[in-house]
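Notes for the structure review
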Amino acid sequence: MSKALEGCESWDQVLDVLRTDEEKILQGGGAEATERQHQKKRLTARERIQKLIDPGSRFFELGLFRAFEMYQEWGRVPAAGVITGVGRIEGRHFMVIANDATVKAGAFFPATVKKVLRAQQISMENRLPLIYLVDSAGVFLPLQDEIFPDQDDFGRIFRNNARISAQGIPQIAAIMGPCVAGGAYLPIMCDKVLMTEGSGLYIAGPSLVKAAIGQDLTNDDLGGADLHASRRGTIDLGVENDSTCLTRIRSLVGDLAEPPPARFKRKKARPPLRDPDEIYKIMPRDPSQEYDVLEIFQCLFDQGEFTQYKADYGRTLLCGYARLDGWSVGVVANRKVHVKVPGERYEVGGVIYTESANKAARFVMDCNQSQIPLIFFQDVNGFMVGREAEVSGIIKAGAKLVNAVANSVVPKITVIVGGSYGAGNYALCGKAYDPRFIFGWPTCRYAVMGGEQAARTMLDLKIRQLAKLGEEIPEETRLQLFSSIEATYTEQLDPRYAAARGWVDGIILPHETREALALSLEVAALNPHLGEFRTGVLQT
């Protein structure tokens, strides 16, 4: 088990733990598996990607922590055995999906499927061209019941291939190793298909064919590159090896038509007012402490400029306009400071009150009217509770905000910087509300409620159940049970737990936030098509 982030007292300790984890993940299946790949005269998935993207450019990886510490009974499955992310090729952004053959021969685990589907979803929503580097043994059979039959399982990948192609989004596939069974459909449903010598493309491999019908065939006889190129015409281009294949892909990319111009307003980018590294001085290691997100904005937005919307109303939720790398954006963010409101009353930072929900709903609608992309910064404890809140119409106001966010048609990007609790996750564009990208800081925490509150609630329920049976729990046992429940819950609050399950597209370090958001806006701008904005029925 990796070291718990909860026990890290400083940002330096947090960053050290994450870097250690990342280095281990980047090794894939390890040195021996890498050597086996090289002995086959094949590059690893990460080596392929580095040769594919423009020299000196950065591959922005998504889902690095996918399947982190999952499938322990089957061994490690780093990054879910597939690498996904955005890379620049011939000056243009592409989504790259590359099977990592050093990890379980590139087999598809349930998390692998979900990771590929998420990459395809990002491609469709943003009209982002796709490149697949295929090198996979197919479905991991011991878990086939979790991979094969459902709506968002393995078959959805090929359905998406067809839909992406129908939308005119370029797809290029390169078969660079095994491509077996149902997985064989993926490259053949793409616009352009390349295949290296020594690779195999077939519904069933040589061993299965021999077992099923008794034919004794070699890989090349059954489904080699020459056969598919000269006799079946299945592939478009046969190439000698990985290096030649990647060079040919770059050539094909250079022939594609230019993408349409961006619909959203962009001016010349200006640097932020403060160095992004200063975020570590502003953001406390313990996100339950107060801090002012307006100071963080100075490290993110061009010249630190942020124009507040209804600045004196609903003050626990900030709304306003800014520019990020030149792009015009609307911003909705929790403010984690207690604020004094008229009537000598204080409102708790990070809590959504009726006024702040109403303000944010109106602001989201305004950004859709003005066609301005939205960025949400979540550090939310949820909606205010109690009689006063209910009388003020908190449910009605919250429903209005959820309605506006759910029906929003402009690009939405979410960054979870701290807590993401309860309905606050929904109202501020959690994963269920279709953000184009969603990222988490190392301080992010996902849950219905906080660890201590949840542990006390579950313990109370347990005590009541036993009381009905006439049983009592000794105080020592009660404390042990509370600690056990809280420890389990706290483990689930770890950002790596969320990233492993795809609740965020990646854990980004605070000082990398501006770069991640800038790239996300560039990608979102590739799709100039916006639907009609309608909210449906609102309770007023």
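Residues numbered from 1 in each chain as written. Predicted model: local features only at pLDDT ≥ 70, side-chain atom pairs only at ≥ 80, totals over all residues. Heavy atoms only, no water.

Notes on empty space enclosed by the protein
All chains considered together, the criterion is met by two cavities of 30 Å³ or more. In this structure, the largest cavity encloses a volume near 150 Å³. In terms of lining residues, the largest cavity is bounded by 17 residues, among which Asn99, Phe108, Val134, Ser136 and Leu186 are the most central. It is strand S4 (residues 130–136) that contributes the most residues to the lining of the largest cavity, four residues altogether. In terms of residue class, the lining of the largest cavity is made up of 13 nonpolar, four polar and no charged. Approximately 50 Å³ is the volume found for the second largest cavity. Forming the walls of the second largest cavity are Tyr291, Val293, Ile296, Asn334, Phe377, Asp379, Val417 and Trp441. Elements with a minimum of two residues in the lining of the second largest cavity: helix H12 (293–297) and strand S15 (374–380). For the lining of the second largest cavity, the per-class residue count stands at six nonpolar, one polar and one charged. (1 Å grid on protein atoms, 1.4 Å probe; cavity = no way out; pocket = protein on both sides within 12 Å on 5 of 7 lines; lining within 4 Å. Points joined across faces, edges and corners; volume = space filled by probe spheres on them. Helix = DSSP H or I, 4+ residues; strand = E, 2+ residues; numbered from the N terminus. Nonpolar A, V, L, I, M, F, W, Y, C, P; charged D, E, K, R; others polar.)

Some thoughts on the pairing of strand S17 (residues 412–421)
Of all ten residues that make up S17, ten are buried, and the element is covered over most of its length. Where S15 lies against S17, six bridges are found, and the strand directions are parallel. Residue pairing for S17: isoleucine 375 is matched across the bridge by isoleucine 413. (Buried < 20%, exposed > 50% of the residue type's maximum accessible area, 1.4 Å probe, protein only. Pairing = 2+ DSSP bridges.)

Observations concerning the pairing of strand S2 (residues 82–89)
Most of S2 sits inside the fold, with seven of its eight residues counted as buried. The sheet contact formed by strand S1 (residues 60–62) and S2 spans three bridges and is antiparallel. In the sheet register, phenylalanine 60 faces S2, and the bridge partner there is valine 86. Looking at chain direction, S2 and strand S3 (residues 92–99) are connected through eight bridges and run antiparallel. Within the sheet, the bridge partner assigned to valine 86 lies in S3 and is methionine 95. The antiparallel hairpin formed by S2 and S3 contains two residues in its connecting segment, where glutamate 90 sits at a positive phi of about 55°.

Notes on the packing of aromatic side chains
Between two aromatic rings, the relevant description is the distance of the centres plus the angle of the planes. Taken as a whole and judged by the stated rule, the model has 21 aromatic pairs. Each ring, one from phenylalanine 297 and one from phenylalanine 306, has its centre 4.8 Å from the other, and the planes form 55°; the classification is tilted. Ring plane angle 50° and centroid distance 5.5 Å describe the contact between phenylalanine 297 and phenylalanine 377, whose orientation is recorded as tilted. Of the two residues, phenylalanine 297 is situated in helix H12 and phenylalanine 377 in strand S15; the sequence distance between them amounts to 80 residues. Residue class for phenylalanine 297 comes out buried when judged on its relative accessible area of 1%. Grouped by ring-pair contacts, the aromatic residues Tyr71, Trp74, Phe109 and Phe140 constitute a single cluster. Directly above the ring of tyrosine 497 sits arginine 501, whose terminal nitrogen or CZ lies 3.5 Å from the centroid. (Phe/Tyr/Trp six-rings, centres within 6.5 Å; stacked < 30°, edge-to-face > 60°. Lys NZ or Arg CZ within 6 Å of the ring centre and 35° of its normal.)

A word on the environment of leucine 317
Note on placement: leucine 317 falls in strand S10 (residues 317–324). The exposure class assigned to leucine 317 is buried, which follows from its relative accessible area of 0%. In this structure the C-alpha to C-alpha distance between leucine 317 and lysine 359, which are 42 residues apart in sequence, comes to 8.3 Å. Not counting residues up to four positions away in its chain, the partners in contact with leucine 317 are Val332, Ala333, Asn334, Ser356, Lys359, Ala360 and Leu428. (Contact = heavy atoms within 4.5 Å.)

A word on the nonpolar core
Membership of the largest hydrophobic core comes to 133 residues, with the highest contact counts inside it found for Val332 and Phe377. Setting aside its immediate chain neighbours within four residues, phenylalanine 377 contacts Phe297, Leu300, Phe301, Val331, Val332, Ala333, Asn334, Val415, Val417 and Leu517. Within the second largest apolar cluster, 24 residues are counted, among which are Ala98, Leu194, Val239 and Cys245. (Core = buried A, V, L, I, M, F, W, Y, C linked by side-chain atoms within 4.5 Å.)

Regarding a negative patch on the surface
A surface patch of negative charge is lined by Glu197, Asp220, Asp221, Asp226 and Glu240. Examined against the element boundaries, aspartate 226 turns out to sit in helix H9 (residues 225–230). Taking relative accessible area as the criterion, aspartate 226 reaches 60% and is therefore assigned exposed. (Patch = residues over 30% accessible without salt bridge, like charges linked within 9 Å, V, L, I, M, F, W, Y side chains within 5 Å. Areas by Shrake-Rupley, 256 points an atom, 1.4 Å probe, with all protein chains shown as cover. Salt bridge = Lys/Arg side-chain N within 4 Å of Asp/Glu carboxyl O. Lys, Arg positive; Asp, Glu negative; His and termini not counted. Charge placed at Lys NZ, Arg CZ, Asp CG, Glu CD.)

What about the pattern of salt bridges?
Going through the model one piece at a time under the given rule, you end up with 21 salt bridges. Its salt-bridge partner being arginine 118, residue aspartate 505 comes within 2.8 Å of it at the nearest N-O pair. One end of the pair, aspartate 505, is in the loop between helix H19 (495–500) and strand S20 (506–507); the other, arginine 118, is in helix H4 (residues 110–126), with 387 residues separating them in the sequence. Across this residue pair, the class does not change: aspartate 505 and arginine 118 are buried. For the salt bridge of glutamate 295 with arginine 274, the shortest nitrogen-to-oxygen distance reads 3.4 Å. Placement of the pair is glutamate 295 in helix H12 and arginine 274 in the loop between helix H10 (242–254) and helix H11 (279–282), with a sequence separation of 21 residues.

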